[in-house]
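Single-letter residue listing:
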Amino acid sequence: MQHIRNFSIIAHVDHGKSTLADRLIQICGGLTQREMQAQVLDSMALERERGITIKAQAVTLLYKANDGVEYQLNFIDTPGHVDFSYEVSRSLFACEGALLVVDAAQGVEAQSVANCYTAIEQGLEVLPVINKIDLPSADPEKVIKEIEEIIGIGASDAVRVSAKTGEGVVDLLEELVLKIPPPKGDPDAPLQALIVDSWFDNYVGVVSLVRVVNGRLRKGEKMRIMSTGRSHGADRLGRFSPKAVVVEQLGAGEVGFVIAGIKDIDGAPVGDTITHDARPCAQALPGFKQVQPRVFAGLFPVNADDYEAFRDALQKLKLNDSALHYEPEVSTALGFGFRCGFLGLLHMDIVQERLEREYNLDLITSAPTVVYEVALTDGSVAFVDNPSKLPPSAELAEVREPIITANILLPPEHIGAVLQLCTEKRGVQKKMQYLGSQVSLQYELPLADVVLDFFDRLKSVSRGFASFDYEFNRFQAAPLVKLDVLINGDRVDALSVIVHRDNAYFRGRELVDKMQELIPRQMFEVAVQAAIGGNVVARATVKALRKNVLAKCYGGDISRKRKLLEKQKEGKKRMKQVGQVEIPQEAFLAVLKLGKK
Amino acid sequence: MIDVQEGNDERHNRLVVPPLAIYVHLPWCVRKCPYCDFNSHAINGEVPEQRYIEALIQDLQLQAPGVSGRLVGSVFIGGGTPSLFTPAAIARLLEAIRGQLDCGGMEVTMEANPGAIEHGRFAEYRAAGINRVSLGGQSFNATHLQALGRIHQAGETVKAAEELHAAGLENFNIDLMYGLPGQSPQQALDDLRTAMTLSPAHLSHYQLTLEPGTAFFHRPPALPDDDMCWDMQQRCQALLAENGYHQYEISAYAPPSRRCQHNLNYWQFGDYVGLGAGAHGKISSAGAHGEITSAGARSDAPPAADSLRIQRTTHPRLPRRYMEAIESGQGQPEVRVVTDRERPFEFMLNALRLMQGFTVEQFETRTGLQARGIIEPIEAAVAKGLLEPAPGPGWRPTPLGHRFLNDLQMMFLAPPPVAEPNPN
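Keep in mind that what you see is a predicted model, and the values were worked out from it rather than measured.

Rules behind the numbers
- Residue numbers here run from 1 along each chain, matching the order of that chain's written sequence.
- Written order determines the labels here, with chains lettered from A and ligands numbered from 1.
- Local features in this predicted model are restricted to residues whose pLDDT is 70 or higher, and side-chain atom pairs enter the listing and the counts only when it is 80 or higher, whereas totals over whole chains, interfaces and linings include all residues.
- To get the side-chain values, all heavy atoms of the structure are used, and hydrogens and water are removed first.
- In this description a helix means any DSSP run of H or I spanning at least four residues, a strand means any run of E spanning at least two, and both kinds are numbered starting from the N terminus.
- Throughout this description, buried means an accessible area under 20% of the type-specific maximum (1.4 Å probe, protein chains only), exposed means over 50%, and partly exposed covers the range between.
- Residue contacts follow a heavy-atom distance rule, with two residues in contact if any of their heavy atoms lie within 4.5 Å.
- All accessibility values rest on the Shrake-Rupley procedure with a 1.4 Å probe; residue burial counts only the protein chains present in the view.
- Pairing of aromatic rings covers Phe, Tyr and Trp, the last counted by its six-membered ring, and requires centre-to-centre distances within 6.5 Å; plane angles under 30 degrees mean stacked, over 60 mean edge-to-face, and any other angle means tilted.
- Predictor confidence is given residue by residue as pLDDT, running from a minimum of 0 to a maximum of 100.
- Every helix has an expected span of 1.5 Å times one less than the residues it contains.
- This arc describes the spread of directions from the helix axis toward the C-beta atoms.
- Only the contacting stretch of a helix is used when fitting its axis, a line to C-alpha atoms as for every element, and angles between N-to-C directions run 0 to 180 degrees.
- By the definition adopted for this analysis, an angle is roughly parallel if under 35 degrees, roughly antiparallel if over 145, roughly perpendicular if from 65 to 115, and oblique otherwise.
- We call a crossing left-handed when the near helix sits turned anticlockwise from the far one by less than a right angle, and right-handed when that turn is clockwise.
- For this classification, the nonpolar set comprises Ala, Val, Leu, Ile, Met, Phe, Trp, Tyr, Cys and Pro, the charged set comprises Asp, Glu, Lys and Arg, and every other residue, Gly included, is treated as polar.
- For two strands to be treated as a pair, DSSP must find at least two bridges joining them.
- When a carboxyl oxygen of Asp or Glu is within 4 Å of a side-chain nitrogen of Lys or Arg, the pair counts as a salt bridge.
- Here a polar contact is recorded for every N or O atom pair within 3.5 Å, except that within protein the pair must consist of a potential hydrogen donor and a potential acceptor, and residues adjacent in sequence are included only if both atoms are side-chain atoms.
- Buried surface area refers to the total accessible area, computed with a probe of radius 1.4 Å, that the two partners give up upon joining, counted for both partners together.

1. Details of the overall build of chain A
Thinking step 1. Within chain A one finds 13 helices and 34 strands.
Thinking step 2. Of all 597 residues assigned to chain A, the portion counted as buried reaches 57%.
Thinking step 3. Across chain A, contacts joining residues at least 24 apart in sequence account for 69% of those joining residues at least 6 apart.
Thinking step 4. Split by element, the accessible area of chain A, about 24,500 Å² in all, is 49% carbon and sulfur.

2. Overview of the overall build of chain B
Thinking step 1. Assigned secondary structure in chain B consists of 16 helices and 17 strands.
Thinking step 2. Across the 424 residues that make up chain B, the buried fraction comes to 57%.
Thinking step 3. Partitioning the contacts of chain B with sequence separation of at least 6, the portion at a separation of at least 24 is 75%.
Thinking step 4. Summed over all atoms, the accessible surface of chain B reaches about 17,700 Å², with 51% contributed by carbon and sulfur.

3. Description of the packing of aromatic side chains
Thinking step 1. If you walk through the whole model with that rule in mind, you get 24 aromatic pairs over all chains.
Thinking step 2. Note on Y266(B) and Y272(B): the rings are 4.7 Å apart at their centroids and 85° apart in plane angle, and the pair reads as edge-to-face. Each of the two residues, Y266(B) as well as Y272(B), counts as buried.
Thinking step 3. Relative to F363(B), the ring of F347(B) has its centre 5.2 Å away and its plane inclined at 90°; by these criteria the two rings are edge-to-face. Highlighted residues: F347(B) in helix α12 (residues 343–351) and F363(B) in helix α13 (residues 360–367), separated in sequence by 16 residues. Both residues of the pair, F347(B) and F363(B), belong to the buried class.
Thinking step 4. Among the aromatic residues, those joined into a ring-pair cluster are Y307(A), F310(A), Y326(A), F336(A) and F338(A).

4. Remarks on the confidence of the model for chain A
All names here are of chain A.
Thinking step 1. Across chain A, the average pLDDT comes to 86, with 91% of residues at 70 or higher.
Thinking step 2. This stretch, residues 44–48, has a pLDDT under 50; its non-local contacts, to residues over four places away or in other chains, come to 23 contacts.
Thinking step 3. Per-residue pLDDT stays below 50 along residues 50–56; that stretch engages in 37 contacts with residues further than four places along the chain or on separate chains.

5. As for helix α7 (residues 185–197) of chain B
All names here are of chain B.
Thinking step 1. Helix length check: α7 (13 residues) gives 19 Å between terminal C-alpha atoms against 18 Å at 1.5 Å per residue, within 8%.
Thinking step 2. Within α7 the residues assigned to the buried category are P185, A188, L189, D191, L192, A195 and M196. End-on view of α7: buried residues confined to an arc of 155°, all on one side of the axis.
Thinking step 3. Looking at the buried positions of α7, the neighbouring elements they touch are β6 (132–138), β7 (172–178), β8 (202–207) and α9 (226–242).
Thinking step 4. Backbone geometry just after α7 places S199 at a positive phi near 50°.

6. What to know about the packing of α7(B) against α9(B)
Residues and elements named next belong to chain B.
Thinking step 1. α9 packs onto α7 with a crossing angle of 25° between their chain directions and a minimal axis gap of 9 Å. If you check the angle between α7 and α9, you find them roughly parallel. Judged by the twist between their axes, the crossing of α7 over α9 is right-handed. Contact with α7, carried on its side by P185, Q186, A188, L189, L192, R193 and M196, involves M228, D231, M232, R235, C236, L239 and L240 of α9 and no other residues of that element.
Thinking step 2. In terms of residue class, the contact of α7 with α9 is made up of 10 nonpolar, 1 polar and 3 charged.

7. Brief notes about the sheet that holds strand β17 (residues 394–397) of chain B
In any sheet, the strands associate via hydrogen bonds between backbone groups, in a parallel or an antiparallel arrangement.
All names here are of chain B.
Thinking step 1. Sheet architecture is open: 3 strands sit in the order β15-β17-β16, paired in antiparallel fashion. The open sheet has two edge strands with one neighbour each: β15 (358–359) and β16 (387–390).
Thinking step 2. Alignment of β16 against β17, held across 4 bridges, turns out to be antiparallel. The partner of P389 across the bridge, within β17, is W395.

8. A short note on the pattern of salt bridges
All names here are of chain A.
Thinking step 1. Using the criterion set out here, one finds 47 salt bridges over all chains in the structure.
Thinking step 2. Between E401 and R426 there is a salt bridge, and its shortest N-O distance comes to 2.8 Å. Of the two residues, E401 is situated in strand β24 (residues 396–410) and R426 in the loop between α9 (415–424) and β25 (428–435); the sequence distance between them amounts to 25 residues.
Thinking step 3. Residue D513 is joined to R509 by a salt bridge in which the shortest nitrogen-to-oxygen separation is 2.8 Å.

9. Considering the packing of helix α2 (residues 49–63) of chain B against helix α11 (residues 319–327) of chain B
All names here are of chain B.
Thinking step 1. Here α2 crosses α11 at 55°, and the two axes come no closer than 9 Å. In this view, α2 runs oblique relative to α11, as classed from their interaxial angle. Between α2 and α11 lies a crossing whose hand is left-handed. In contact with R51, Y52, A55, L56, Q58 and D59 of α2, α11 contributes Y322, M323, E324, I326 and E327.

10. Details of the sheet that holds strand β6 (residues 159–160) of chain A
Residues and elements named next belong to chain A.
Thinking step 1. Across the sheet, which stays open at both edges, the 6 strands sit in the order β2-β3-β1-β4-β5-β6 with mixed pairing between neighbours. Looking along the sheet, the strands with just one partner apiece sit at the ends: β2 (57–64) and β6.
Thinking step 2. In the sheet, strand β1 (residues 4–11) pairs with strand β3 (residues 70–77) via 5 bridges, with the strands oriented parallel. The residue bridging I4 from the neighbouring strand is Q72, located in β3.
Thinking step 3. Packing of helix α1 (residues 17–27) onto the sheet brings it into contact with β1, β2, β3 and β4 (97–103), and relative to β1 it is tilted by some 155°.
Thinking step 4. Against the sheet, helix α6 (residues 169–179) touches β1, β2, β3, β4, β5 (125–131) and β6, its axis set at about 170° to β5.

11. Here we look at the side chain of N406(B)
Thinking step 1. Take N406(B): it is sitting in helix α16 (residues 405–409).
Thinking step 2. Polar side-chain contacts of N406(B) include one of 2.8 Å to the side chain of N548(A).
Thinking step 3. Ignoring anything within four residues of it in the chain, the contact list for N406(B) reads N548(A), V549(A), L550(A), L565(A) and Q568(A).

12. Comments concerning the environment of K179(A)
All names here are of chain A.
Thinking step 1. Turning to its location among the elements, K179 is positioned in helix α6.
Thinking step 2. When the C-alpha atoms of K179 and V126 are compared, they prove to be 9.0 Å apart, with 53 residues separating the residues in sequence.
Thinking step 3. In contact with K179, other than residues within four places in its own chain, are E125, L127 and D157.
Thinking step 4. Among the polar contacts made by the side chain of K179, one reaches the side chain of E175 at a distance of 2.6 Å.

13. A closer look at unusual backbone geometry
Thinking step 1. In the segment running from G79(B) into G80(B), the intervening peptide bond is cis, with an omega of 20°.
Thinking step 2. If you trace the backbone, G80(B) turns up in the loop between β4 (71–79) and α3 (87–100).
Thinking step 3. The residue after G392(B), namely P393(B), is reached through a cis peptide bond having omega -5°.
Thinking step 4. Located in the positive-phi region is N488(A), a residue other than glycine, with phi close to 45°.
Thinking step 5. Within the secondary structure, N488(A) is located in the loop between β28 (480–487) and β29 (490–491).
Thinking step 6. Within the chain, F269(B) stands out as a residue other than glycine whose phi angle is a positive 60°.

14. Observations concerning the interface of chain B and chain A
Thinking step 1. Opposite the 38 residues of chain B that make contact, chain A presents 26 residues.
Thinking step 2. Between chain B and chain A, roughly 3,300 Å² of surface is buried when both sides are summed, and carbon and sulfur atoms account for 56% of that area.
Thinking step 3. Looking at the side of chain B facing chain A, the largest losses of area belong to F404(B), N406(B) and M410(B), adding up to 18% of the total buried there.
Thinking step 4. On the surface where chain B and chain A come into contact, there are 8 salt bridges.
Thinking step 5. In this assembly, chain B and chain A are joined by 22 residue pairs in polar contact (both at pLDDT 80 or more).
Thinking step 6. Going through the elements one at a time, β8, α9, α10 (261–267), α12, α15 (399–403) and α16 of chain B are the ones with two or more residues in the side of chain B that touches chain A.
Thinking step 7. For the side of chain B that touches chain A, a count of residues per class yields 17 nonpolar, 10 polar and 11 charged.

In structure tokens:
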């Protein structure tokens, strides 16, 4: 156990974490040159395309250090985006140390600050690493100063590397072995293994990534999942090198995977504890705190027949994405689907894409919304995660919206634009500090305005230099109203949004104009209205189509005409019917596209 | 609300073969027009008139046994530009048709392009047996004719019409297009007025559409927008009606006695023999009772009491291929059987183009199916205001149904077939 090192890497998106991980794998001989594929750890196609890590992954490497000893390095990869800070804290549970990787040219970013604090709180040894020293614009001294000023940890002896060229990476490995403490734990105590992650494999069932804290698990032993109380045979144990390598046992301090023939997708929940059936431990490990989803949206299968498949897919995704919440929802416009809760818009995007790609589902999403706390006139309090479920105004005493505390780091030259953006988003400034070459801003912002497009806007007004992290603060009363969209007089439940009264007219206008653009001309005129209660605040008209008829048809080839009409019919089938009006799916996402010209 | 007679067995066991027509395709043109998606080929040197007519006659001999004993109601010689063929060649063709098949006092139409007809020829065509002519006038505006790539001048259409009258061929049609590049509603009306001064028996008035496989489709010209085309259509239709040209089909206008019998046969889902390169035919015949109409095809509807077999025939599109096939004894057209599930749509694709719609009797005799099998889409179409009951009894599109005919017709498309379980 003295020769085991469990660590993860904390880094902002683009700061080179995946490249560094690849370099570590290569130096430790985890893969042959031929097997090396850029950024091997981001195994989901989606991750590689977006250049971000979504799910934690683990890899075990063997490194022969200068002291002549071969160390087992268990590297647990972590996601870098603000939406996934929960995943980060989970990965950190399995580690004794973390590498804080900072781009030598860009400096510290807000997300890394937050994750770094999580690591320190969890008692991890944090090693600062300055990456990308090969860049002409690299300024390691400035970055070291920033780490010390903004995060408050000593960084004068930070390792300087270039993951790209490999420079300094061996020094980093030496430093890692030296400074990160070996795991503690009693190999002879009853087994306690923490389920760090679980996912569903169609062939073998549930695969769980575990960190053995105490005791050891051998192949073939009867093990018990503590929350369910059910026992299973540990059929297969292994490690990722990053290829899956089967082992006979996993000892205290080690990280690896367990396959126990669990076919029930709730059979091995993340954060649960595995123990021995014959000699169970006294109590479960603390596990992870449940995260609260902040953003909700209705997801509906385009084809109603896919409902069951959709439910099945959500169950499987939920297994290793405990932040994903869902419950059945029925929409008059979109039919049967699920109300899903997400950590943020990126999380929502990624879940939707995974459902479409990995489960081959065609989905349509209603406008995303945050959760509101509403006080009713009868004195009760309720939470509303669906605008169409907001009680009528007569029953409402108060509507309270979630307020977040946002920490933003940015170079001083963009301060004007960022302050303006925060004001526009109804932000209240709490703090402003010049630290090193960056400005640190703290704002309180309504989450509803943040989920919409804040992140994208922040990146664009700061030319990509501002970084941002947030945490939930409180619910706060605000003059909020429900804005409905009516199509030829029929209210479309999936298009309702809750907005600040001051923005209602503007949002109504924008929404109606966007719908007018997206709804194709039909046999009759289509009136699109935005209304607050019975009060119409904006209106637009989709003019009637004049005709849809083939000019000529004689005795010739009819197959092309048939195909043309079949195609038209297929197009209609993909639309959603509201009253007599056919609405294309993109229209339901119109709310998301507002303000993005 | 739907008044469809329950089929009684006696009625459904009687096989009524639809009327028969003959379509002859002469595929050459002086030049290919940029909007034309018909099977036409620019002449490369001389039209091989002799050889092609011989091929047509052999083609006829091959197909005649399939329709023996049936009376031919009309012949239509289309193209291409049929007027590139000499009156003698046309005479020889028509003689052969009369010799092979049972022909009465039938309508015999030939298409002619104003720029491709020699002076004095109409009388000769009439002598050859042509009694109706369709002139490809398209427009009388020099700019628009040029934009359409037409080889003729407005004056030539006028002259051709005068010659038709002089030759005693008063039963002629003029094709006109609207919605042309840069055309104003006033110009569209002017075209119609000029056409009507020539006293045609029939006017075909089409909106120019960009069809796949044409030069216009690949490089679209700037056309008047939908609203302007609609304005043109309404004003033109009013002008046509004022002058006695009553709309009887989406693009066809004539007094009731002057309707084109040949085209009516298409729209009433009649039969036709297709002769020539790329020509399509449709032939109904008695199938064995209870016969499955094509391999693997299965109807979800209750089996028709009659077993009417409907087949569509096709010839090779390229004239050279067609002639070689015929000459080498491989001239039988390719045959495709129209399955039960395809028939309602194919019938409606044609019948609903007519203002008068269709009768239940027509539907049942022409498709061999019982009308109760299409009650569902009919009721849905009525509910949408696209279809209404008509005398007959039958059904006809409402004015809205005619404007949105595609939406109406697609309601009769069969749902995709249910996947057959794999027998293995």
